[in-house]
Amino acid sequence: MAQPSLLEKLEILADAAKYDASCASSGTAKRSSSAGGKGIGSTEGMGICHAYAPDGRCISLLKVLLTNHCVFDCHYCINRKSSNVRRARFTPQEVADLTLSFYRRNYIEGLFLSSGIVKSPDHTMEQLIEVARILREEHDFRGYIHLKTIPEADAELVHQAGLYADRVSINVELPTVAGLTRLAPDKNAGRIEGAMGGLKTAISEGADATKRFKHAPKFAPAGQSTQMIVGADAATDADIVGKASQLYGRFKLRRVYYSAFSPIPDASAVLPLKRPPLIREHRLYQSDWLMRFYGYAPGEVADAAGADGMLPLDIDPKLAWALRFRERFPVDVNRAPREMLLRVPGLGVRAVDRILASRRHRTLRLEDVGRLTVSVAKMRPFIVTADWRPVTLTDRADLRAMLAPKATQLELFAA
Ligand code: SF4
């Protein structure tokens, strides 16, 4: 069989990488492909993704696999051993050359490189490291590099990856050990977490060393991240949120990404036939935000879920929590502490900080709060101002229906 050309390999291996959400423009509305010169800017295409650099800049990355050959057989993965897909494999030199050539043309500012496991985890890890080594050592490449690391590889190799990469990641894939054992029989939760623990130690030692010694080598300065697949197994939202919080706490992850499982061609029979609604992924990102920036404990986010452990899809988890704990409201915007203001539906972190700054000089009225936020309608039942008190609003049985977005709006996000 004829070997694929470089362009064909790029087509196969950039397409195969699109299922990894760790740097993604996922969640946007689908438009048809802009391939073949028909229109521009479709978000369905593959090859380039966006990520945020440590300084907050949004950067474009070449997102590609080194190979989609794999000796593992994870049921949810299109590249699994038993999948009937077209295979291709780059050499490390080819990936380095492509990265440099796209970089010089200003298409990208960095590389997101992952791989199926070919021959052995160690061999694959060596090949990934070689790409980063060529870029950094032979070409003095200063762009961003995100390397997926392989938990089954030797710890020393995983460590070497962190010396070249800005960010490293290991996918935990599924929130429960039972789910991982069933859907990824070659993977081991203990090994995955052991590798994450090793990276956490190396990242904090590296950060410490660079503070003390000017020329100390940097180790993954943009930290580590992971991805969880949503909807491929029976795990509830409460399970997923609990796992994410545990990962943030134990391994100091920069981000946990949630990726709604999408049925793949030639799918394994153990997988659900339908993808979960995309809005479920969105609600999990909102919960993640509540834990990271709004001071919610994971148990509190789980309280926003129903008895089945699932977050409501029609309203956001912050509103769901407020409706469940109505006795905590209304909150006086002129007196309440920051942590309670952050619980008010419709009040974001920036708006809360602006309220705190303004109320030092004057007593806030409803109109003032309205000026500091996007819309005051959602928060009216939950706040008290100098000229506003909701009286019976929080007791109304139909409050949820009043505040939930209309169904037509929800369809924008439906699968
Ligand atoms: S290890 Fe599993 S998830 Fe990774 S490429 Fe192979 S089959 Fe896919």
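Each remark here, short or long, concerns the structure printed above.
What counts as what
- Within each chain, residue numbers correspond to sequence positions counted from 1 in written order.
- The predicted nature of this model means local features are confined to residues of pLDDT at least 70 and side-chain atom pairs, given and counted, to a pLDDT of 80 or more, with totals for whole chains, interfaces and linings taken over all residues.
- Only DSSP runs of H or I with at least four residues qualify as helices, and only runs of E with at least two residues qualify as strands; both kinds are numbered from the N terminus onward.
- Multiply 1.5 Å by the residue count of a helix minus one, and that product is the helix's expected span.
- Residues with at least 20 neighbouring C-beta atoms inside 10 Å of their own are called buried, those with 12 or fewer are called exposed, and the rest are partly exposed, where every C-beta is derived from the backbone.
- What counts as a contact is two residues whose backbone-derived C-beta atoms lie within 7 Å of each other.
- Orientation is described by axes fitted as lines to C-alpha atoms, over the contacting stretch for helices, and by angles from 0 to 180 degrees between their N-to-C directions.
- Oblique is the label for any angle not under 35 degrees, not over 145, and not in the 65 to 115 range, which are roughly parallel, roughly antiparallel and roughly perpendicular in turn.
- In this scheme the crossing of two helices becomes right-handed for a clockwise turn of the near helix relative to the far one and left-handed for an anticlockwise turn of less than a right angle.
- The residue classification treats Ala, Val, Leu, Ile, Met, Phe, Trp, Tyr, Cys and Pro as nonpolar and Asp, Glu, Lys and Arg as charged. All others, Gly included, are polar.
- What the arc describes is the spread of directions from the helix axis to the C-beta atoms.
- Paired strands, as defined in this entry, are two strands with at least two bridges between them according to DSSP.
- Clockwise travel from the first strand over the helix to the second, with the strands pointing away from the viewer, marks a crossover as right-handed.

**Student:** Explain helix α1 (residues 6–17) to me, and be specific about the residues and the numbers.
**Tutor:** Given a rise of 1.5 Å per residue, twelve residues ought to cover 16 Å, and the 16 Å separating the end C-alpha atoms of α1 matches this to within 8%. Residues Lys9, Leu10, Ile12, Leu13, Ala16 and Ala17 constitute the buried set of α1. Looking at the buried side of α1, the elements it contacts are β2 (58–65), α2 (92–104) and β3 (110–114).

**Student:** Summarise the packing of helix α7 (residues 237–251) against helix α8 (residues 278–293); cite the residues concerned and give the values.
**Tutor:** Packing of α7 against α8 brings their axes to within 11 Å, and their N-to-C directions diverge by 40°. Considering the angle they form, α7 stands oblique to α8. The two elements α7 and α8 cross, and the hand of that crossing is right-handed. Facing Asp237, Ile240, Val241, Ala244 and Ser245 of α7, the residues of α8 in contact are Leu284, Ser287, Asp288 and Met291. When the residues that make up the contact of α7 with α8 are grouped by side-chain class, the tally is five nonpolar, two polar and two charged.

**Student:** Could you give me a rundown of the packing of helix α3 (residues 121–139) against helix α4 (residues 155–164), with the residues and numbers involved?
**Tutor:** Where α3 meets α4, the axes come as close as 9 Å, and the angle between the chain directions of the two elements is 20°. The angle between the axes of α3 and α4 places the two elements in the roughly parallel class. The element α3 and its partner α4 pack so that their crossing is left-handed. Along the contact surface, α3 presents Asp122, Met125, Glu126, Leu128, Ile129, Ala132, Arg133 and Arg136, while α4 presents Leu157, Val158, Gln160, Ala161 and Tyr164. When grouped by side-chain class, the residues that make up the contact of α3 with α4 number eight nonpolar, one polar and four charged.

**Student:** Account for α2, with residues named and values stated.
**Tutor:** If you check α2, its first and last C-alpha atoms are 18 Å apart, about what 13 residues at 1.5 Å a residue would give, namely 18 Å. Those residues of α2 lying buried are Val95, Ala96, Leu98, Thr99, Phe102 and Tyr103. Mapping the buried residues of α2 onto a view down its axis gives an arc of 160°, with all of them on the same face. Facing away from the buried surface of α2 by more than 90 degrees, the exposed residues are Gln93, Ser101 and Arg104. For α2, the elements touching its buried residues are α1, β2, β3 and α3. Asparagine 106 sits one or two residues past α2 and shows a positive phi near 70°.

**Student:** A description of the pairing of strand β7 (residues 255–260) should follow, citing residues and the corresponding values.
**Tutor:** Buried residues dominate β7, accounting for six of its six residues. Of the two faces of β7, the one holding Arg255, Tyr257 and Ser259 and the one holding Val256, Tyr258 and Ala260 are both buried throughout. Where strand β6 (residues 224–230) lies against β7, six bridges are found, and the strand directions are parallel. Across the sheet, the residue bridging to methionine 228 is tyrosine 258, located in β7. Taken together, β6, α7 and β7 constitute a β-α-β crossover, and its handedness is right-handed.

Such coordinate-based values are descriptive only and should not be taken to indicate function.
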